[in-house]
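Residue-level structural notes
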Amino acid sequence: AGAKEYHEKDLKIAEESADRPAQGKAYGNLGNTYEAMGEFAKAREMHEKDLEIKTETGDVAGQGIAHCNLGCVHYSMGDMAKAKEMHEKDLSITKQNGDLKGEGKAYGNLGNVHYSTGDFPAAKEMHEKHLANALQTGDVAGEGKAYCNLGNVYHSLGEIMKAREMHEKHLEIAQRLGDVAGEGKAYGNLGNAYDSLGDFAKAKEMHEKHLEIAVKTGDKAGEGKSFCNLGNVYHSIGDIEKAKEMREKHLGSVQQIGDVAGEGKAYGNLGNTYHAMGDFAKAKEMHEKHLKIAEQTGDVAGTGKAYGNLGNVHYSLGDYAEAKEMHHKRLEIAKRIGDLAGEGKAYGNLGNVLVALGELDPAQEMHEQHLKIAKQTGDVAGEGKAYSNLGLVLFGKGAYAKAKEMHDLHLAIAQRTGDVAGEGRVYG
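The following paragraphs examine the structure supplied in this document. No experiment lies behind these values; they were computed from the predicted model shown.

**Quick word on the packing of helix α14 (residues 260-276) against helix α15 (residues 280-297)**
Viewed as axis vectors pointing N to C, α14 and α15 meet at an angle of 160°, and their least axial separation amounts to 8 Å. The angle between α14 and α15 falls in the class roughly antiparallel. Where α14 crosses over α15, the two elements pack in a sense that is left-handed. Seen from α14, the contacting residues are Val260, Glu263, Gly264, Lys265, Tyr267, Gly268, Leu270, Gly271, Asn272, Tyr274 and His275; seen from α15, they are Phe280, Lys282, Ala283, Met286, His287, Lys289, His290, Ile293, Gln296 and Thr297. Class assignment of the residues belonging to the contact of α14 with α15 gives a composition of eight nonpolar, nine polar and four charged.

**Focus: the nonpolar core**
Among the nonpolar cores identified, the biggest contains twelve residues, and these are Phe120, Ala123, Val153, Leu157, Leu291, Ala301, Ala306, Tyr307, Leu310, Met326, Ile333 and Ile337. Residue assignment for this core shows that the elements contributing at least two residues are α7 (120-137), α16 (300-316) and α17 (320-337). Ranked by residues supplied to this core, first place goes to α16 with four residues. Membership of the second largest hydrophobic core comes to eleven residues, among which are Leu11, Tyr34, Ile53 and Met77.

**Looking at a positive patch on the surface**
Where like charges cluster on the molecular surface, the positive patch consists of Lys101, Lys105, Lys145, Lys185, Lys225, Lys265, Lys305, Lys345 and Lys385. The residue Lys101 is located in helix α6 (residues 100-116) in this model. Taking the relative accessible area as the measure of exposure, Lys101 reaches 52% and is therefore exposed.

Rules behind the numbers
Residues numbered from 1 in each chain as written. Predicted model: local features only at pLDDT ≥ 70, side-chain atom pairs only at ≥ 80, totals over all residues. Heavy atoms only, no water. Axes fitted to C-alpha atoms, helices over the stretch in contact; angles between N-to-C directions. Helix = DSSP H or I, 4+ residues; strand = E, 2+ residues; numbered from the N terminus. Parallel < 35°, antiparallel > 145°, perpendicular 65-115°, else oblique. Left-handed = near helix turned anticlockwise from the far one by under 90°. Contact = heavy atoms within 4.5 Å. Nonpolar A, V, L, I, M, F, W, Y, C, P; charged D, E, K, R; others polar. Core = buried A, V, L, I, M, F, W, Y, C linked by side-chain atoms within 4.5 Å. Buried < 20%, exposed > 50% of the residue type's maximum accessible area, 1.4 Å probe, protein only. Patch = residues over 30% accessible without salt bridge, like charges linked within 9 Å, V, L, I, M, F, W, Y side chains within 5 Å. Areas by Shrake-Rupley, 256 points an atom, 1.4 Å probe, with all protein chains shown as cover. Salt bridge = Lys/Arg side-chain N within 4 Å of Asp/Glu carboxyl O. Lys, Arg positive; Asp, Glu negative; His and termini not counted. Charge placed at Lys NZ, Arg CZ, Asp CG, Glu CD.

Printed below as a string of structure tokens:
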């Protein structure tokens, strides 16, 4: 509120003196303030007024900044097509003006858009350009952001060890610069990496550090993300009630700030929680809400995840034909966008459906594909699941010694990673 009042006074003074450039600056600052408060529609209105003034006064560099700001707001609102258009205009202007630092920032923003639409190879290319640019211009803060974004891309491509390395570099830079918000973000991303690597205790520690920083700094979006990530960790270790509590807090947070894409993700996570609780009708409802939002916002990766989750619900309801169709859609999307982790999960889920249909040979092939990808990407939790599923298939085929070997490998991973639910399944 303090920053908002300050910029509103600036705007009033600029209007009284008919100072158009100062009015534009005040609108831009108000837009950034509203965006930080999570009031995206109001932020967009401010930045559009700023762009209008910058165009009217012939301030080309200012137009680039306004396009950048509008791109960020459209991104936050989940309108990826509009965000891409704005950031491409910004990139064009920064190149034209020889603004190297601005060019790097534009690459980073375009990388985030490609990432959100699930085009991970394109995102990687953009973030690598941003990193090279930051190193060339000595932009240490930009370097940290590039490492952060590259870490997220590597994570989505299933290269978890590489993702952790990037996030550690980001954390080191954020701490060195005294960038508290960046530090919180790095902890959150490291938590996600540890979660995917199956180290749930370390993941929980990282997310709690992120939550602490978000609460302390009034970062509502970061707070929501922390709740989301903590929910994922509690889900991974089998504490479903606690996962539900965290995920409901996440949904409340994103709805409060108008984060449409985040809302879709929250519905997807709640769907997984209801599924784990055995409430399949409620799970289906949540995943269908996620699918609708993902398609509406152009979130291809989210669309794939929603299909995968719906496939799991149909599987639990015994509707195997529908489950198979959903998992094939997930697999097709994952292959198309280079989402190796998603591809592995789709193979594993298709394997489970084929087992239910009594097709054990193709099921074994699917689980072997999942195991291969899990090993390749350092997904220890996924590796454990693949061993467990292969054990069930081999048992069904009468290969008891081989089945026991698979279950023993699963048990060893479950014990090593603190996966109590997985350990219970082996003994069960």
